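# Structural description and commentary
Okay, here's what each chain looks like letter by letter:
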Amino acid sequence: MTLLIRREVLAGLSALTITTLAAPAILRAAVPLTLYGPPAAPSAVLAHAVKGGFLRDIAPGAIFQAWKTPDEMRAAVASGSMGAVVMPSYAAANLHNRGLGLGLLNVLTTGLLYVVSKDETLKTVAGLKGRTLALPFKNDMPDFVMARLLAKAGLGQGDVALEYTASPPEAVQLLLTGRVDAALLSEPAATGVIIKAKSMFMTVHRAIDVQVEWQAVAGTSEIPQAGLALTADVQQALGKAGTDVLQKAIEAALADALADPAAASAAVADALGFPPDIIAASFPTSHLSAIPASAARKNLEGFYGVLAEANPAIIGGKLPGDGFYLV
């Protein structure tokens, strides 16, 4: 970490402490917090926030745990057993519109999806025609995004054989064993398979940058893909002041993580099941962020609109209202 960046982070933490002292009754009433995240790069920011002490004033004793599948996550949120969860941004809107009281705190990545392949001639979505693509999590974020990209490229049902898998590691295995031509992966899985292939004397290419291809669909290369959502119970426990401080703490943790990827990656390696060096190597292609939800609202609504063109039920039938955007 450079001295300048370290000073900036420390300055942010000083401001955070001042805010905490200004509202001790609210912040110290906050219950011990468990932050849940996916097997993807944004979880490194949350894990670093916990292990690096960034949440000590707002949520002392906070812990981080990874969820394994979107279905598991949604069921846990609906039952109330997960209250602070990084999830696909469309899922947060859907659950909010279903009356669960869920609100979005921030956007933690503006896109981390890539098509990887051993075929160096594959460079575009149109080039997937006639090929087999492994795709984790049917009827979830990667599937919805790829469906829009395929439609924009003029590819219909049957033009690309989709091999759905229950997890990214399964898609990786299919690719490495030659059972599919390509795989759609999020980070750090995309970086991981590229590095793993080298150890097996194979070459896997980052064939298609989904964020770049998204430009043709939505007019922007930014995909507000995932963020931290809070249930009504957690929002009540934190209070408005506590929610604001939680956001500032995550912003500080992100700045520190980007300045020192090795430390942040070590904090989350066990939870995600990836070696720290692979997680750190994925940072440049993960487009990590900590954008307050209200500041990301325009991009989120644009993204929701694109997804809803195919099926409005994806976001619960409508755009979420003001109450969805917590900060």
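Look up a bit, the structure's there.
The paragraphs below set out a description of the structure included in this document. The residue count restarts for each chain, going from 1 along the sequence in the order it is written. Per-residue local features are limited, in this predicted model, to residues with pLDDT of at least 70; the limit for side-chain atom pairs, both in listing and counting, is 80 or more; totals at the level of whole chains, interfaces and linings are taken over all residues. Note: side-chain values were computed over all heavy atoms of the structure, leaving out hydrogens and water.

## Focus on the pattern of salt bridges
- The working definition used for a salt bridge is a side-chain nitrogen of Lys or Arg within 4 Å of a carboxyl oxygen of Asp or Glu. Per the counting criterion, the structure on display carries nine salt bridges.
- A salt bridge links Asp 140 to Arg 74; its shortest N-O distance comes to 2.8 Å. Of this pair, Asp 140 sits in the loop between β7 (132-136) and α6 (141-152) while Arg 74 sits in helix α4 (residues 70-79), and the two are 66 residues apart along the sequence.
- A salt bridge links Glu 187 to Arg 206; its shortest N-O distance comes to 2.7 Å. Placement of the pair is Glu 187 in the loop between β9 (182-186) and α8 (189-199) and Arg 206 in strand β10 (residues 205-209), with a sequence separation of 19 residues.
- For Arg 206, a relative accessible area of 31% puts it in the partly exposed group.
- Bridged by salt links that share partners, the residues Asp 71, Arg 74 and Asp 140 form one connected network. Helical segments are the DSSP runs of H or I of at least four residues, strand segments are the runs of E of at least two, and each set is numbered from the N terminus. Buried means the residue's accessible area, taken with a 1.4 Å probe over protein chains only, is under 20% of the maximum for its type, while exposed means over 50%, and partly exposed covers the values in between.

## Quick word on the packing of aromatic side chains
- By convention, a stacked pair of Phe, Tyr or Trp rings (six-membered ring in the case of Trp) has centres within 6.5 Å and planes under 30 degrees apart, an edge-to-face pair has planes over 60 apart, and any other such pair is tilted. Evaluated as defined, the whole model comprises four aromatic pairs.
- Ring centres 5.2 Å apart and planes at 80° place the aromatic pair Tyr 90 and Phe 144 in the edge-to-face group. You can see Tyr 90 sitting in helix α5 (residues 89-100) and its partner Phe 144 sitting in helix α6, a full 54 residues away along the chain. The residues Tyr 90 and Phe 144 share a single accessibility class, namely buried.
- Centroid distance Phe 324 to Tyr 325: 5.0 Å. Interplanar angle 80°. Geometry classified as edge-to-face.
- Phe 324 gets classed as buried once you look at its relative accessible area, which sits at 0%.

## Structural notes on the sheet that holds strand β8 (residues 161-165)
- Strand pairing follows a simple DSSP-based rule, namely that at least 2 bridges must link the two strands. With mixed pairing, five strands are arranged side by side in an open sheet as β8-β7-β9-β6-β10. Each end of this open sheet is capped by a strand with a single partner; those strands are β8 and β10. Averaged over all pairs of adjacent strands, the angle between strand axes in this sheet comes to 30°, irrespective of strand direction.
- Whether two residues touch is decided by their heavy atoms; if any such pair falls within 4.5 Å, the residues are in contact. Convention adopted: a line fitted to C-alpha atoms gives each axis, helices being fitted over their contacting stretch, and angles between N-to-C directions are expressed from 0 to 180 degrees. α8 rests against β6 (113-117), β9 and β10 of the sheet, and its axis sits at about 130° to β9.
- Strands in contact with helix α9 (residues 210-218) are β6, β9 and β10; relative to β10, the strand with the most contacts, it is inclined by about 20°.

## Digging into the environment of Phe 54
- Looking at the element boundaries, Phe 54 is found in the loop between α3 (42-51) and β2 (63-66).
- In this structure Phe 54 comes out as buried when scored by relative accessible area, which is 6%.
- Remark: the alpha-carbon pair of Phe 54 and Lys 248, spanning 194 residues in sequence, is separated by 9.3 Å.

## Some remarks on empty space enclosed by the protein
- Points on a 1 Å grid over protein atoms alone make up a cavity when a 1.4 Å probe fits among them but cannot get out, and a pocket when they form an open set with protein on both sides within 12 Å along at least five of seven lines; lining residues each have an atom within 4 Å of a point. Grid points are joined across faces, edges and corners, and a volume is the space filled by probe spheres set on the points. Enumeration according to the criterion identifies two cavities of 30 Å³ or more in this entry.
- Lining the largest cavity are 22 residues, and of these Pro 38, Ala 40, Phe 137, Ser 186 and Gln 225 sit closest to its centre.
- If you list the elements that add at least two residues to the lining of the largest cavity, you get β3 (84-88), α6 and β9.
- Broken down by element, the residue count for the lining of the largest cavity peaks at three residues, all from β9.
- A breakdown of the residues in the lining of the largest cavity according to their chemical character gives 18 nonpolar, three polar and one charged. For this scheme, ten residues count as nonpolar: Ala, Val, Leu, Ile, Met, Phe, Trp, Tyr, Cys and Pro. Four count as charged, namely Asp, Glu, Lys and Arg, and the remainder, Gly too, count as polar.

## Focus: the environment of Leu 174
- For Leu 174, the position within the fold is in helix α7 (residues 168-176).
- For the pair Leu 174 and Thr 220, spaced 46 residues apart in sequence, the C-alpha separation works out to 31 Å.
- Setting aside residues no more than four positions away along its own chain, Leu 174 makes contact with Ala 134, Glu 163, Thr 165, Arg 179 and Val 180.

## Here we look at the layout of surface pockets
- Volume-wise, the largest pocket comes out at about 370 Å³.
- In terms of lining residues, the largest pocket is bounded by 22 residues, among which Pro 168, Pro 169, Leu 272, Gly 273 and Phe 274 are the most central.
- Taken together, the elements giving at least two residues each to the lining of the largest pocket come down to α7, α8 and α11 (261-272).
- In the lining of the largest pocket, the residues fall into 15 nonpolar, five polar and two charged.
- There is about 150 Å³ of room inside the second largest pocket.
- As for the second largest pocket, its lining consists of 14 residues, and the residues nearest its centre are Asp 143, Phe 144, Ala 147, Arg 148 and Ala 310.
- At the level of elements, α6, β8 and α13 (297-310) are the ones that each hand at least two residues to the lining of the second largest pocket.
- With six residues, the single largest contributor to the lining of the second largest pocket is α6.
- By residue class, the composition of the lining of the second largest pocket is 10 nonpolar, two polar and two charged.

## Quick look at the packing of α3 against helix α10 (residues 232-259)
- In the contact formed by α3 and α10, the axes pass within 9 Å of each other and the chain directions differ by 105°. Between α3 and α10, the crossing angle belongs to the class labelled roughly perpendicular. Where α3 abuts α10, its residues Val 45, Leu 46, His 48 and Ala 49 lie against Ile 250, Ala 253, Leu 254, Asp 256 and Ala 257. Each angle gets one of four labels, with under 35 degrees taken as roughly parallel, over 145 as roughly antiparallel, 65 to 115 as roughly perpendicular, and the rest as oblique.

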